[in-house]
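Here are the chains, one letter per residue:
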Amino acid sequence: MNLTAEQILPLLFGAAETTVEHGVIIPRKVTASCLAAWDKISKTLGDRARNSTGVRLDFHTDADAVSFTVAGGKFDLLIDGLFAEQWICTDPEEVSASLPAGEHRVTLVFPSHSNGTLHGVSLSDGAEVRPHAYAKKLLFLGDSITHGWDSGKDSLSYAWQVSLFYDADCIIQGVGGAYFHPEVFDEDLDFEPDRVIVAFGTNDFGWGNPLETVRELTARYLDKAVARYGAEKVICILPTWRSEESKHGKSDFYAACVSAIRAEEEARGVHMADGMTLVPHHPDFFLPDRLHPNALGFAQYAQNLIAFLTKETNFTL
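Residues numbered from 1 in each chain as written. Predicted model: local features only at pLDDT ≥ 70, side-chain atom pairs only at ≥ 80, totals over all residues. Heavy atoms only, no water.

Bringing the sheet that holds strand β13 (residues 168-174) into the picture now. In space, the five strands of this open sheet follow the order β13-β12-β14-β15-β16, with parallel pairing throughout. Of all the strands in the sheet, just β13 and β16 (271-273) have a single pairing partner and so form its edges. Here the strands of the sheet are splayed against their neighbours by 20° on average, with no regard to which way each runs. The pairing of strand β15 (residues 234-237) with β16 spans three bridges and is parallel. Its bridge partner lying in β16, Ile 237 is registered against Ala 273. (Pairing = 2+ DSSP bridges. Helix = DSSP H or I, 4+ residues; strand = E, 2+ residues; numbered from the N terminus. Axes fitted to C-alpha atoms, helices over the stretch in contact; angles between N-to-C directions.)

The next subject is the nonpolar core. Membership of the largest hydrophobic core comes to 35 residues, with the highest contact counts inside it found for Trp 38, Leu 139, Leu 141, Val 198 and Tyr 221. Of all elements in the fold, only α2 (32-41), α3 (43-49), β12 (136-142), β14 (195-199), α6 (211-229), β15 and α7 (251-267) reach the threshold of two or more residues within this core. Considering every element that reaches this core, the biggest residue donor is α6, with five residues. Setting aside anything within four residues of it in sequence, one finds Leu 139 in contact with Ile 171, Gln 173, Leu 189, Phe 191, Pro 193, Arg 195, Val 196, Ile 197 and Tyr 229. (Core = buried A, V, L, I, M, F, W, Y, C linked by side-chain atoms within 4.5 Å. Buried < 20%, exposed > 50% of the residue type's maximum accessible area, 1.4 Å probe, protein only. Contact = heavy atoms within 4.5 Å.)

Counted according to the given criterion, the structure contains 15 aromatic pairs. Geometrically, the ring pair formed by Trp 241 and Phe 286 is edge-to-face, given 5.0 Å between the ring centres and 65° between the ring planes. With Trp 241 in the loop between β15 and α7 and Phe 286 in the loop between β16 and α8 (295-313), this residue pair connects regions lying 45 residues apart in the sequence. For the pair Trp 241 and Phe 286, one class covers both residues: buried. These aromatic residues form a ring-pair network of at least three members: Phe 180, Phe 185, Phe 200, Tyr 221 and Tyr 229. Looking at Arg 242, its charged tip hangs above the ring of Tyr 254, at a distance of 4.8 Å from the centre. (Phe/Tyr/Trp six-rings, centres within 6.5 Å; stacked < 30°, edge-to-face > 60°. Lys NZ or Arg CZ within 6 Å of the ring centre and 35° of its normal.)

Below, the structure is given as structure tokens:
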């Protein structure tokens with residue numbers, strides 16, 4: 001049984017905007033206006049903003065098999081919330097999986113670091129299907145760590161793990177290399193989250209702006225976030241541990257930038273999580289750059305962030 005685009009779209013989550021071109025479903029994690037703002041700042045950031053981070057098909061079915069025709073990168077398959085398979089499909093390719101008897105939740109995770117597209121979905125003839133009904137909603141705004149670089153399995157990033165824990169419909173607007181900039185706050189996003197996770201700060205020192213500009217850009221971005229969602233919903237995460245070598249000899253300026261960002265967050269009364277408490281300060285939990293957490297580091301990040309959200313913001317299941 002081949003599903004039409006009209007039948008597939010209600011099963012698609014995590015996209016700020018979605019287009020259908022000749023039957024091909026193309027999701028984006030940011031709106032067109034936000035994408036234009038990223039393009040204006042940097043072509044590289046604009047390209048990364050186009051990635052299908054956080055997008056997924058998420059549905060329940062009694063089918064005994066499911067097939068997807070996909071392209072654009074690596075796709076993770078979760079069955080009842082557990083990792084089952086990963087496929088790497090550059091060009092359109094049909095991939096399939098058998099399902100155990102009975103009804104099961106099927107989640108197809110789109111590529112986090114490339115532009116995944118969906119060309120078709122097929123279920124066993126006569127199977128029933130319905131979209132997953134989430135308990136919560138989460139919006140993630142941030143840089144490469146929120147983007148999930150490089151967790152190996154994209155569904156193992158901290159944003160994905162936190163979302164799965166809370167059974168949350170999420171939009172993950174992580175953009176590798178990003179920093180606080182008011183123009184890229186997605187004001188056209190039609191999504192009402194229960195919590196907004198804001199995690200910039202590790203790149204802000206490296207874009208050539210003086211400290212005063214870093215502070216001004218941070219303030220203007222946070223003003224937009226608080227005006228849109230309210231201070232009570234906004235949780236800001238300061239940068240995680242990184243080695244001195246990864247600061248490229250700019251550790252004093254980096255520390256000053258982080259202090260300025262902290263001050264602006266404190267001034268707006270948002271919740272603040274100290275990123276230094278989220279991931280162990282040990283190379284085993286990071287990629288060789290000792291900046292980006294690996295899958296083990298992301299697991300620690302997610303576990304400790306969940307504890308913070310529960311204790312400090314009363315965000316519970």
